[in-house]
Amino acid sequence: MSEENIVEMHNIVKRFGAVVALKGVDFHVRENEIVGLVGDNGAGKSTLVKILFGIYAPDKGEIIIKGKKYKRLTPKKAYELGIVLIHQERTLCENHPIWRNVFMGRELTNRFGFLKIKEMKELAYKSLTTLELTKMPVDTPVKYLSGGYKQGVQISRALTFEADLVILDEPTVALSLAEVQKVLEYVRELKRKGKSAIFISHNIYHVYPVVDRFVILNRGEVVAEFYKKDLTPEDLSEIMISIARTGRVPKEYEKLNLYKKASSLQVAS
Amino acid sequence: MAEIYKMHGVKKIIYEFKLQFVITIIFLLIWLAFYMLNPSAFSNSFTYTSIMGVAPFTIIPAISLTLVIITGEIDLSFASVMALGPLVMAMTWQFFGEPTPLGILLGLLAGLGAGLLNGILITKLGIPSLIATIGTLFLWRGVVLVVTQGFSIPLGQFKDSPIYSIFVGRLCGLPVQFFWTIGLAIIFWILLNRHKFGAYIYYIGDNRTAARMVGINVDRVLITVYAIHGMIAAFAGILDSLEMATFWPALGDIYMLKSIASVVIGGTPVTGGVGTIYGTFLGGMILEFIEMGVLSSGVSGFWIRLVHGVVIIIALAAQGIIRKGELAKIRIMRMLTT
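Given the structure is predicted, the values throughout are model-derived calculations rather than measurements.

A. Main features of the overall build of chain B. Looking only at helices and strands, chain B features 15 helices and 4 strands. The C-alpha radius of gyration of chain B comes to 21 Å, within 12% of the 20 Å expected for a compact globule of 338 residues. Along the first, second and third principal axes, the C-alpha set of chain B runs to 70 × 55 × 35 Å. Residue burial in chain B is summarised as follows: out of 338 residues, 46% are buried.

Structure, rendered in structure tokens:
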């Protein structure tokens, strides 16, 4: 894992009317790092990644991607910068074949905009093969695929476009146990290929096996950061329950908390 | 069941295009029924030439309307734009005293402008397409009525000009407007199936959020689709006024429901995301065959609407059955790909 940050977000504030969804969040992802973004409902996880993907504009703060500063992004710009958002079944066109979905928005064309269909099918096949998604031909409409297979198609899209950072927003919701394992394997494949990822999930047992570092959000603030190697899933569960109840990291884990700003504030309070 | 998409050859083509096959079969059955009812009329080439002469006015706007409906939107105003385009053309010709190509160009630009207005109202002001285009339907018909004061504009004096032959002349005894229809159908098929723009049209209708998330400029695509549809509707109106050698203020009115019906019979659901030009073309031909068949059978013209209604319901029921069967297959295939 490199120490170079691929993405940095500084002092991000986002308000929805009177509600402050994010209260000055600092967040970063390193090269070839999988970050687990966890927290209770309403913690601000999805809002944070939607700002990173350009769906929302932050009210305050800045985003640094590959060393360049941005006040706000758009999905198009984020896509161009190598960021891909994978949402539970939301970024696929169900009636269209797998190969079209893999190349959606970045079709291979000649200079007049005509599609290079054969080339796209071949490349989609290659990309799907690396994820062992060869059960169905690339001509198959996505509506025929299971939830896990669909997530695989979306990850294949990220691999085809050489995305540097893949955001997985609750990718395991409503999947069977076997399919969750498949999705986790796809995430491991991203890591093997040198990519970075942000993995959002309510279920820490889904996140734990694949991430390098956890960032815990609570009520719009980062409250803790831990390396996975320092915790067991049970430790993490205990920390999260404590944060949900008291807003604090239990004392015995404080020394492992990488987010010193948050911990000092908590001690002060 | 998982083997469905591993099928090859004719079997795979039949499976993938089953909706088109159903529409083709309905079309052939209707032809056969009328042929048996009135063999003399339907073995006479004049019947087919007549259909080829009038079908373009329904099918041409239906072809571009297919694009609009695939995006999940609707346009009702094209019926009035079908009058606006030829009005501009007729007034330009009257002004110059000759059938100048400039008149055609200005007529098409008027249609393009009307389409642009629809696109802007829907995307930039967020007005639902049904409501926005009801508004522009009245607006453009109102403009036509106010300008003409309800009077027709004769175009018969220009009938011998070459421009007439180009658009509504006869080629090998067949109406040229039918060749325009086939040409436009081919161009739009290529646009939808082989061009990036067509892919975006399908994606927007299938999953607009996904289209936005992958960076497709949804508003720009929708505005362009409406602009194209406006221009094509104006073109269809121009052809109709040339064929009839007159411009009349109610031009286009009768085509609104027929063109929408052509698209729907052709298998393009109003929910968007899917649809074919082939289906729309045959949908339009089915309606025209019924019209010609009823009239040539010697029964009252009042039967036309009734038969239209029955066929529309049969076609939609067949599509509904196919889609219901599809749902069962989807459930099984999803289990098999788990």
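B. The overall build of chain A, seen in detail. The helix and strand inventory of chain A stands at 10 helices and 10 strands. Computed over its C-alpha atoms, the radius of gyration of chain A comes to 19 Å, within 12% of the 18 Å expected for a compact globule of 269 residues. Taking the principal axes of the C-alpha coordinates as reference, chain A spans close to 65 × 40 × 35 Å. Counting over 269 residues, chain A shows a buried share of 47%. A fraction of 68% describes how many contacts in chain A between residues 6 or more apart in sequence connect residues 24 or more apart.

C. Molecular detail of the confidence of the model for chain A. Residue and element names in this part refer to chain A. Counting all residues, the mean pLDDT for chain A is 87, and 94% of those residues have values of 70 or more. Element-level mean pLDDT values for chain A span from 48 in helix α10 (residues 260-268) up to 95 in helix α3 (residues 98-102). In the predicted structure, residues 262-269 sits below a pLDDT of 50 and forms 8 contacts with residues beyond four places in sequence or in another chain.

D. Highlighting the pairing of strand β1 (residues 5-16) of chain A. Residues and elements named next belong to chain A. Where β1 and strand β2 (residues 19-30) come together, 9 bridges link them in antiparallel fashion. Bridge pairing links Ile-12 to Val-25 in β2. Counted between consecutive antiparallel strands, the loop separating β1 from β2 contains 2 residues, among which Gly-17 sits at a positive phi close to 65 degrees.

E. Focus on helix α5 (residues 78-96) of chain B. All names here are of chain B. A rise of 1.5 Å per residue sets the reference length of α5, with its 19 residues, at 27 Å; its end C-alpha atoms lie 27 Å apart and thus fit the reference within 8%. Buried residues dominate α5, accounting for 14 of its 19 residues. Remark: Gly-97 follows α5 within two positions and exhibits a positive phi of approximately 75 degrees.

F. Region of the structure containing the interface of chain B and chain A. Opposite the 25 residues of chain B that make contact, chain A presents 33 residues. When residues of the side of chain B that touches chain A are traced back to their parent elements, those giving at least two are α10 (196-206), α11 (208-213) and α15 (303-336) of chain B. For the side of chain B that touches chain A, a count of residues per class yields 12 nonpolar, 7 polar and 6 charged.

G. Representation of the sheet that holds strand β4 (residues 60-65) of chain A in the model. Residues and elements named next belong to chain A. The sheet built from 4 strands is open, its strands ordered β2-β1-β4-β5 with antiparallel pairing. Where the open sheet ends on each side, the last strands, each with one partner, are β2 and β5 (68-70). Looking at each pair of strands side by side, their axes are set apart by 20 degrees on average, direction ignored. Across the face of the sheet, helix α1 (residues 45-52) comes into contact with β1, β2 and β4 while running at roughly 115 degrees to β1.

H. Highlighting the packing of α5 of chain B against helix α6 (residues 101-123) of chain B. Residues and elements named next belong to chain B. One can describe the packing of α5 onto α6 by two numbers: an axis separation of 8 Å at closest approach and a directional angle of 150 degrees. Compared by their axis directions, α5 and α6 come out roughly antiparallel. Once α5 is placed against α6, the crossing between them reads as right-handed. Contacts between α5 and α6 pair Val-81, Leu-84, Gly-85, Pro-86, Val-88, Met-89, Thr-92 and Trp-93 from the former with Leu-102, Gly-103, Ile-104, Leu-106, Gly-107, Leu-108, Ala-110, Gly-111 and Ala-114 from the latter.

So, how was this worked out
Residues numbered from 1 in each chain as written. Chains lettered and ligands numbered in written order. Predicted model: local features only at pLDDT ≥ 70, side-chain atom pairs only at ≥ 80, totals over all residues. Helix = DSSP H or I, 4+ residues; strand = E, 2+ residues; numbered from the N terminus. Rg over C-alpha atoms; globule rule 2.2 N^0.38 Å. Buried ≥ 20, exposed ≤ 12 C-beta atoms within 10 Å, placed from the backbone. Contact = placed C-beta atoms within 7 Å. pLDDT = per-residue confidence, 0-100. Pairing = 2+ DSSP bridges. Expected span 1.5 Å × (residues − 1). Nonpolar A, V, L, I, M, F, W, Y, C, P; charged D, E, K, R; others polar. Axes fitted to C-alpha atoms, helices over the stretch in contact; angles between N-to-C directions. Parallel < 35°, antiparallel > 145°, perpendicular 65-115°, else oblique. Left-handed = near helix turned anticlockwise from the far one by under 90°.

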